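Examining the three-dimensional arrangement
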Amino acid sequence: MRQKHGQNFLIDNNIANNILRAAELSSEDEVLEIGPGKGILTKIIQPQVKHLTAVEIDPVLAQQLKYYFSFHNINNVKIINADFLKLQSEEWRVESEDKNNSGASRISTLHSSLSTLPFKVISNLPYNVGTAIIQKILPLNNWTLCVLMLQKEVIRRLAANPCDKDYGYISIFCSYYADRKVLFDVSPKCFNPPPQVTSSVIKLTNKAAKPPDPLFFELVKRSFSMRRKTILNCLASFKNLEKSQANKILITCGLDPLLRPDKLSISDYLHLTDEIKKCIILQS
C-alpha cells in the first residue's frame, strides 16, 4: 500500500550503517534528521551523538518514535511532528534531559537551537519534496555536513557539472553552497514498500559561501528555463536588457553569446550577475 506521505522506509541495516559512517559522527555532534519514518537511522544515530532532532510529518510515526525513546528513557532526542518545509529554523529545538549532582532529573537549560549551533543532516529524504528541503537547508550558514538519500536521477542533478546532461539550476544551487560527492546507489529492495526507482546517497560539505546577490539565482533560474536557447537570448529582456546590452555584457565576461546555459560555470554566472548589476545601476 502506498504511504500517505510517499514514504519508502529503509529496511537494510547495512545501508543505514554505511550512511552513518559517511557522516563521521562524534559524541559532540548536533544532528538533524528529516523524515525519520520508522526510525532505522534515528535509532542508530542517537547513541553516537550529543543531540538529535528528528522532524516527522506523519503524526502516527512521530508518536511511535516518541514512545520508543521515552520507553527506553533516552533523553538526547527531540521528535517534532511537523512539515519541515513549514518550520522556521528557530523551531528545530533540541532538548536534553540531564542529571544534576544530587541525581535528580532536570531539563537542560541549554535548549539549543539548530539555528545557531553547527549541525549535521542525515536523512532518507522524502522523494517528492527532497530538492525543496535541500534548498531550505543549504543557505543556512551553520550546517557542516549532509548525508542524504534520494532517487538516483535527483542525485545526478545535484552533482552535475557544466556540459553534463543533468546540469541545471539545482546543480548550480547545490555547488554554490557545498562540495558534492556521490557515495553509492541503493537498490529498491532495501525499502518497504520498494520504490520504482534506484536511490543514491550524496555527501555535501559546507563551503561556508557568502549569500549571493539575489540576482544570481534569479539569472540562473531564468537561463535554465530557456536551456535550449543561446545565453544571448536568455539575457535579452532579462531585467529589461536590450539584446545589444546583453551581447556587450557577454563579451565583457569573455563568453560566446551563442553558448547554451548548460555550458556556463558558476563563476561565469557570477561574473554575468556583476555586469548586469552595473548595467542596471547605469540605467537607473
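As a reminder, the structure under discussion sits directly above these lines.
These remarks concern the structure in this document. Worth saying up front: this structure is predicted, and the values here are computed from it rather than measured. (Residues numbered from 1 in each chain as written. Predicted model: local features only at pLDDT ≥ 70, side-chain atom pairs only at ≥ 80, totals over all residues. Heavy atoms only, no water.)

1. Comments concerning helix α1 (residues 13-23)
Residues Ile15, Ala16, Ile19, Leu20, Ala22 and Ala23 constitute the buried set of α1. Relative to the axis of α1, the buried residues are bounded by an arc of 155° and lie together on one face. With respect to the buried face of α1, the exposed residues turned more than 90 degrees away are Asn14 and Arg21. Against the buried residues of α1 lie β1 (9-10), α2 (42-45), β7 (119-124), β8 (143-151), β9 (178-186) and β11 (199-206). N-cap assignment for α1: the residue whose side-chain oxygen lies 2.8 Å from the backbone N of Asn14 is Asp12. In the segment just after α1, Glu24 is the residue with positive phi, at about 50°. (Buried < 20%, exposed > 50% of the residue type's maximum accessible area, 1.4 Å probe, protein only. Helix = DSSP H or I, 4+ residues; strand = E, 2+ residues; numbered from the N terminus. Arc of directions from axis to C-beta. Contact = heavy atoms within 4.5 Å. Polar contact = N/O pair within 3.5 Å; in protein donor to acceptor, adjacent residues only side chain to side chain.)

2. Some words on the packing of aromatic side chains
A complete count under the given rule lists 13 aromatic pairs for this structure. Taking 5.0 Å as the distance between ring centres and 85° as the angle between the ring planes, the aromatic pair formed by Tyr68 and Phe69 counts as edge-to-face. When the centroid spacing of 6.0 Å and the interplanar angle of 75° are considered together, the rings of Tyr169 and Phe217 count as edge-to-face. With Tyr169 in helix α6 (residues 169-177) and Phe217 in helix α7 (residues 214-224), this pair connects stretches of sequence that are 48 residues apart. Considered together, Tyr169 and Phe217 belong to a single accessibility category, that of buried residues. Among the aromatic residues, those joined into a ring-pair cluster are Tyr169, Phe173, Tyr176, Tyr177, Phe216 and Phe217. Here Lys136 stacks its cationic end above the ring of Phe84, 4.9 Å away from the centre of that ring. (Phe/Tyr/Trp six-rings, centres within 6.5 Å; stacked < 30°, edge-to-face > 60°. Lys NZ or Arg CZ within 6 Å of the ring centre and 35° of its normal.)

3. Examining the pattern of salt bridges
On inspection of all chains with the given rule, the structure shows seven salt bridges. Among the ionic pairs, Asp185 bridges to Lys152, the shortest N-O distance being 2.9 Å. On the criterion of sequence distance, the pair formed by Asp185 in strand β9 and Lys152 in helix α5 (residues 152-159) is long-range, its members being 33 residues apart. What makes Asp185 partly exposed here is its relative accessible area of 39%. Classification of Lys152 by relative accessible area gives partly exposed; the value is 27%. For Arg156, the salt bridge goes to Asp166, with nearest N and O atoms at 3.4 Å. Taken together, the residues span a long stretch of sequence, with Arg156 in helix α5 and Asp166 in the loop between α5 and α6 at a distance of 10 residues. Overall, Arg156 belongs to the partly exposed group, its relative accessible area being 37%. A relative accessible area of 21% means that Asp166 is categorised as partly exposed. (Salt bridge = Lys/Arg side-chain N within 4 Å of Asp/Glu carboxyl O.)

4. A closer look at the pairing of β11
Burial within β11 is extensive, with seven of its eight residues counted as buried. The pairing of β8 with β11 spans seven bridges and is antiparallel. Considered in β11, the bridge of Val147 is made with Lys203. Taken together, the eight bridges between β9 and β11 define a ladder with antiparallel strand orientation. Each residue of the ladder has a partner; that of Lys181, found in β11, is Lys203. (Pairing = 2+ DSSP bridges.)

5. Thoughts on the sheet that holds strand β2 (residues 30-34)
Within a sheet, adjacent strands bond to each other through the backbone by hydrogen bonds, running parallel or antiparallel. With mixed pairing, seven strands are arranged side by side in an open sheet as β4-β3-β2-β7-β8-β11-β9. Both edges of this open sheet fall to β4 (77-81) and β9, since each of them pairs with a single strand only. Taken over all neighbouring pairs, the strand axes of this sheet differ in orientation by 15° on average, direction set aside. Against the sheet, helix α4 (residues 130-137) contacts β2, β7 and β8, and its axis sits at roughly 175° relative to β8. Running at roughly 115° to β9, α6 makes contact with β8, β9 and β11 of the sheet. (Axes fitted to C-alpha atoms, helices over the stretch in contact; angles between N-to-C directions.)

6. Details of the pairing of β7
The buried fraction of β7 is high, at six of six residues. What you see with β7 is no split at all: Phe119, Val121 and Ser123 on one side and Lys120, Ile122 and Asn124 on the other are buried throughout. Direction of pairing for β2 relative to β7: parallel, over a ladder of two bridges. In the sheet register, Val31 faces β7, and the bridge partner there is Lys120. Bridge count for β7 against β8 is six bridges, and the pairing is parallel. Across the sheet, the residue bridging to Ile122 is Val147, located in β8. With α4 bridging β7 and its parallel neighbour β8, the resulting β-α-β unit is right-handed. (Right-handed = clockwise from strand over helix to strand, strands pointing away.)

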